[in-house]
Amino acid sequence: MSTRGAWSSRAGFILAGAGSAIGLGNIWRFPYMTGDNGGAVFALVFLIFCFLIGYPVMIAELTLGRHTQKNPVGMFNSLSGGRPLWKLVGGLCVLSGFIIFSWYSVIAGWVVGYVYKTAVGTFETQLSNEAIDRIFSSFVSNGPVVMLLHAVMIFMAAFVVSGGVKGGIEKFSKWLMPVLFALLILLAIRSVTLDGAMEGLRFYLYPDFSKVSGVMVLKAMGQALFSLSLGMGTMITYGSYLSKKENIATSAAWITSFDVLVSILAGFVILPAVAAMHQSYAQGPDLIFKVLPSIFGSMPGGYFFGLGFFTLVIIAALTSTVSILEVPVAYFVDERGWSRKQAVAFVASLAWLIGTPAALSHGATEFLTRLPAIGISFFDFISTAFGDISLSIGAFFIAVFIAWIWGVSKASNEIESEGNSFVIRGIWSFLIKFVAPIIILAVFLYTIWTTFLAS
Ligand code: PFF
């Protein structure tokens, strides 16, 4: 009998996949990236990329994982016959997993801090923007506290992942996502009915095409992949626990749709409120932490909504962190023969260390808050390098690999195994062979051109 573990049912898999996809990427990163990058036009480009690149790449990752029953490194190795380029790409996947895990859990740690603040009544009344700013800044610049909360999140993810697939990950994903969804709808209603929210809705819904730039398009692409957990082998690893009975194309369609819906909803929660509160859209990673307290402060029962919401965001973040952690862990277990517990302990401790500079780059350490030469925080640097660029590179190679090295006909056979239908076979083949890789390449060239050459 295989010791790899498996998902217990189809719904279990879709929920776990959606649990991986839906997380801070939707609730925290999407609204602030939209705010930073021109509003509606960013959201529009993001949406297009989710379906043109994200969906086909998700099918690709799940198929490669299920066929080989391996982590990304093992998968590339076995299907390419050990060619060095593909070893490198597998290595990049594991590295991205490590680094993203390390900074993602910093933000999840902030949310833990905000649960505490909400619980003790900090946001019970409507505070001024200045007061909310002050609370946030003194919190995130408190080195020992953010490092401790970072450790708490890493510990929780490590605990779930060391429990194995069925017992751990699935249980967490099953029940709480629908509740989070309902809460988001309520909060969106509150937000769009605030005085002055219209201006924010306009910002979110009417694209201003003069805001299009190379960096903006690159970030929209990175965000699409980040949000759908693609480009670093998470879905390869999750696919390796998937049974042949499941219809990959349908499962991927559900996961993609749920995920996109949650991001769009989160935009409706945050951006109208930004306008109503006369704040700036472009506040980077701080945005939701400065807007949500105002929303809770301005609604009846805000204390309970706030508490419930931040708690659910932690759970959503946890189901994503476990999927990120799963990539390096599966690598050490499958390729290096470590025990699961050993691998988790090693990856988690190292990630805590690697994540520490990201945790300290919001005011705790001047140097990390504004890196010399590039002028952005260490956190923003790592987020662009590993959240956007490395995932795009990963997705490019995954698409090229399945389409041109392994071949779409073998992939389609895997997808159609046990009589599963694959009605979009032709469309998928076209998207994965041409559209996805060419767009990714074009976006890189366009970014390099507009950023460095055309000035
Ligand atoms: N998709 C997750 C989110 O939106 O929060 C983050 C993530 C998970 C990114 C897994 C990458 C990944 F491989």
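Report on the accompanying structure. (Residues numbered from 1 in each chain as written. Predicted model: local features only at pLDDT ≥ 70, side-chain atom pairs only at ≥ 80, totals over all residues. Heavy atoms only, no water.)

Focus: the pattern of salt bridges
Enumeration according to the criterion identifies 9 salt bridges in this entry. Here Asp208 ties to Lys211 by a salt bridge, and the two come within 3.3 Å at their closest N and O atoms. Where Glu416 meets Arg425, a salt bridge forms, and the shortest distance between an N and an O atom there is 2.9 Å. Here Glu416 falls in the partly exposed class, since its relative accessible area comes to 26%. The class for Arg425 is partly exposed, based on a relative accessible area of 29%. Linked through salt bridges whose partners overlap, the residues forming this network are Arg66, Lys244 and Glu414. (Salt bridge = Lys/Arg side-chain N within 4 Å of Asp/Glu carboxyl O. Buried < 20%, exposed > 50% of the residue type's maximum accessible area, 1.4 Å probe, protein only.)

Describing a nonpolar patch on the surface
Taken together, Leu44, Ile48, Leu52, Phe209, Val212 and Tyr446 make up a surface patch of nonpolar side chains, about 490 Å² in accessible area. Of all the elements, helix H3 (residues 40-68) adds the most residues to the nonpolar patch, at 3 residues. For Leu52, the position within the fold is in helix H3. Here Leu52 falls in the partly exposed class, since its relative accessible area comes to 30%. (Patch = residues over 30% accessible without salt bridge, like charges linked within 9 Å, V, L, I, M, F, W, Y side chains within 5 Å. Areas by Shrake-Rupley, 256 points an atom, 1.4 Å probe, with all protein chains shown as cover. Helix = DSSP H or I, 4+ residues; strand = E, 2+ residues; numbered from the N terminus.)

Focus: the site of the ligand
For the ligand, the set of nearby residues contains 15 residues, the closest of which are Ala21, Gly25, Tyr104, Phe226 and Thr234. One nitrogen or oxygen atom from the main chain of Ala21 is found 2.9 Å from an oxygen atom belonging to the ligand. Contact distances for the ligand include 2.5 Å between an oxygen atom and a side-chain N or O atom of Tyr104. If the ligand stood free it would expose 340 Å²; the protein chains cover 100% of that surface. Listed by contribution, the elements that provide at least two residues to the shell around the ligand are helix H1 (10-21), helix H2 (24-36), helix H10 (214-227) and helix H14 (302-336). Taken together, the residues that form the shell around the ligand break down as 6 nonpolar, 9 polar and no charged. (Near = heavy atom within 4 Å. Polar contact = N/O pair within 3.5 Å; in protein donor to acceptor, adjacent residues only side chain to side chain. Nonpolar A, V, L, I, M, F, W, Y, C, P; charged D, E, K, R; others polar.)

Quick look at the nonpolar core
Counting residues in hydrophobic clusters, the biggest one holds 165 residues, and the most contacted among them are Phe49, Trp103 and Phe309. Counting residues per element, this core draws most heavily on helix H5 (residues 84-119), which supplies 18 residues. Ignoring anything within four residues of it in the chain, the contact list for Phe309 reads Ile27, Leu180, Leu183, Leu184, Leu187, Leu292 and Phe296. (Core = buried A, V, L, I, M, F, W, Y, C linked by side-chain atoms within 4.5 Å. Contact = heavy atoms within 4.5 Å.)

With respect to the packing of H5 against helix H15 (residues 340-359)
Taken N-terminus to C-terminus, the directions of H5 and H15 make an angle of 60°; their axes are 8 Å apart at the nearest point. Relative to H15, the element H5 lies oblique. The way H5 lies across H15 gives a crossing that is right-handed. Contacts between H5 and H15 pair Phe98, Ile99, Phe101, Ser102, Trp103 and Val106 from the former with Phe346, Val347, Ala348, Leu350, Ala351, Ile354, Gly355, Ala358 and Ala359 from the latter. For the contact of H5 with H15, the residue count by class is 13 nonpolar, 2 polar and no charged. (Axes fitted to C-alpha atoms, helices over the stretch in contact; angles between N-to-C directions. Parallel < 35°, antiparallel > 145°, perpendicular 65-115°, else oblique. Left-handed = near helix turned anticlockwise from the far one by under 90°.)

Some points on the packing of aromatic side chains
Per the stated rule, a full pass over the model turns up 33 aromatic pairs. Measuring from ring centre to ring centre gives 5.1 Å for Tyr114 and Phe289, while their planes differ by 70°; the resulting arrangement is edge-to-face. With Tyr114 in helix H5 and Phe289 in helix H13 (residues 287-297), the pair connects residues that are 175 residues apart, well separated along the chain. For the pair Tyr114 and Phe289, a shared accessibility class is recorded, and that class is buried. When the ring of Phe296 is compared with that of Phe309, the centres are 6.1 Å apart and the planes differ by 55°; the resulting orientation is tilted. A residue pair is termed long-range when its members are at least 10 positions apart, and Phe296 in helix H13 and Phe309 in helix H14 qualify at 13 residues. We note that Phe296, like Phe309, is buried. Counting every residue linked through ring pairs, the aromatic cluster contains Trp110, Tyr114, Phe123, Phe136, Phe139, Phe289, Phe296, Phe309 and Phe310. Above the plane of the ring of Phe226 lies Arg29, whose end atom (NZ or CZ) is 4.5 Å from the centre. Above the plane of the ring of Trp404 lies Lys433, whose end atom (NZ or CZ) is 5.4 Å from the centre. (Phe/Tyr/Trp six-rings, centres within 6.5 Å; stacked < 30°, edge-to-face > 60°. Lys NZ or Arg CZ within 6 Å of the ring centre and 35° of its normal.)

Describing the side chain of Ser20
Locating Ser20 in the fold gives a position in helix H1. Of the polar contacts made by the side chain of Ser20, one reaches the side chain of Ser229; its length is 2.8 Å. Setting aside residues no more than four positions away along its own chain, Ser20 makes contact with Ser229, Thr234, Met235, Tyr238, Thr319, Ser320 and Ser323.

Considering the state of the cysteines
In the structure shown here, the tally under the stated rule is 0 disulfides. Cys50 takes part in no disulfide bond, and the closest cysteine sulfur to it belongs to Cys93, at a distance of 19 Å. Note on Cys50: relative accessible area 0%, which makes it buried. According to the relative accessible area criterion, Cys93 is buried, its value standing at 1%. (Disulfide = S-S within 2.5 Å.)

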